[in-house]
Amino acid sequence: MDLSCELYLTVKGVKPGCVVRTWDPEALLESLGLPLIPYALGDGVAFLSRDRRRVEALQTRPAKNIHELVGWFCGYPECCVEEFLRHGALLPALKAYRGKGLDPYVLSVDAESVRSPYHINWIPCSPSCVRTARLVRLYRDECRCGGARLG
Ligand SMILES: [Zn+2]
Ligand SMILES: [Zn+2]
């Protein structure tokens with residue numbers, strides 16, 4: 001998902017949180033004037049949300065690994081997070097996803113991110129995932145890009 005779309009949807013509370021690559025989330029938020037609460041992992045990755053309790057829960061929430069934590073924090077569909085955890089990384093997850101039929105959502109992946117013309121940055125559990133379709137519509141309808149991004 002385009003970073004400006006992602007930050008906008010998070011500030012609006014349509015997305016519960018987002019994860020961005022930055023070494024200095026406070027400076028990023030200040031320069032953009034965004035009312036979000038940051039939590040830096042210390043490896044150039046920062047969690048951002050407008051909900052302080054969600055940010056605080058990052059430190060105590062049980063999770064099998066960072067992928068599960070990111071999925072929960074960013075509001076990815078649980079079915080898609082569970083499917084992703086079976087594969088453990090983007091490339092094998094994409095391969096499994098593409099094996100399930102026509103792919104409406106994902107252009108490509110690299111080691112750490114999903115490229116999509118839609119407002120998603122997870123790999124759906126299947127091309128017909130109902131929760132993904134619902135979020136794609138919601139994000140398109142709520143985003144300030146007015147759906148200029150396809151989803
Ligand atoms: Zn948008
Ligand atoms: Zn799903």
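So, here is what we can say about the structure in this document. (Residues numbered from 1 in each chain as written. Chains lettered and ligands numbered in written order. Predicted model: local features only at pLDDT ≥ 70, side-chain atom pairs only at ≥ 80, totals over all residues.)

**Notes on the overall build of the chain**
At step 1: The number of helices and strands found in the chain is seven helices and five strands.
At step 2: For the chain, the sequential pattern of α-helices and β-strands runs α-β-α-β-β-α-α-α-α-β-β-α.
At step 3: Viewed in the frame of its principal axes, the chain has a C-alpha envelope of about 45 × 35 × 25 Å.
At step 4: Expressed as a percentage of its 151 residues, the buried residues of the chain come to 33%.
At step 5: Within the chain, residue pairs in contact and separated by at least 24 positions form 52% of the contacts whose partners lie at least 6 positions apart. (Helix = DSSP H or I, 4+ residues; strand = E, 2+ residues; numbered from the N terminus. Buried ≥ 20, exposed ≤ 12 C-beta atoms within 10 Å, placed from the backbone. Contact = placed C-beta atoms within 7 Å.)

**As for the nonpolar core**
At step 1: Counting 35 residues, the largest nonpolar core has Val 19, Phe 47, Cys 74, Cys 80, Ile 120, Trp 122 and Ile 123 as the members making the most contacts within it.
At step 2: Those residues in contact with Cys 74, other than ones at most four positions away along the chain, are Lys 15, Pro 16, Gly 17, Cys 18 and Val 19. (Core = buried A, V, L, I, M, F, W, Y, C linked by C-beta atoms within 7 Å.)

**Description of the environment of Pro 35**
At step 1: By the secondary structure assignment, Pro 35 is in the loop between helix 2 (25-32) and strand 2 (37-40).
At step 2: Here Pro 35 falls in the exposed class, since 7 other C-beta atoms lie within 10 Å of it.
At step 3: Sequence-wise, Pro 35 and Leu 48 are 13 residues apart; in three dimensions their C-alpha atoms are separated by 9.7 Å.
At step 4: Contacts of Pro 35, omitting those with residues within four sequence positions, involve Val 11 and Arg 50.

**Here we look at the sheet that holds strand 3 (residues 45-49)**
At step 1: On the basis of which strands lie adjacent, the open sheet formed by three strands has the order 1-3-2 and antiparallel pairing. In this open sheet, the two edge strands, each paired with only one partner strand, are strand 1 (18-21) and strand 2. Averaged over neighbouring strand pairs, the angle between their axes works out to 30 degrees when direction is ignored.
At step 2: Summarising the sheet, strand 2 and strand 3 pair through four bridges and their orientation is antiparallel. Counted as the bridge partner of Ala 40 is Ala 46 from strand 3.
At step 3: Against the sheet, helix 2 touches strand 2 and strand 3, its axis set at about 155 degrees to strand 2. (Pairing = 2+ DSSP bridges. Axes fitted to C-alpha atoms, helices over the stretch in contact; angles between N-to-C directions.)

**Quick notes on helix 5 (residues 78-87)**
At step 1: When helix 5 is considered as a whole, its buried residues turn out to be Cys 80, Val 81, Glu 83 and Phe 84. Angular distribution of buried residues about the axis of helix 5 spans 165 degrees; they occupy a single face of the element. Of the residues in helix 5, the exposed ones pointing more than 90 degrees away from the buried face are Glu 82 and Arg 86.
At step 2: At its buried positions, helix 5 is contacted by helix 4 (66-74), helix 6 (90-98) and helix 7 (130-142).
At step 3: Downstream of helix 5 by one or two residues, Gly 88 has phi in the positive range, about 85 degrees. (Arc of directions from axis to C-beta.)

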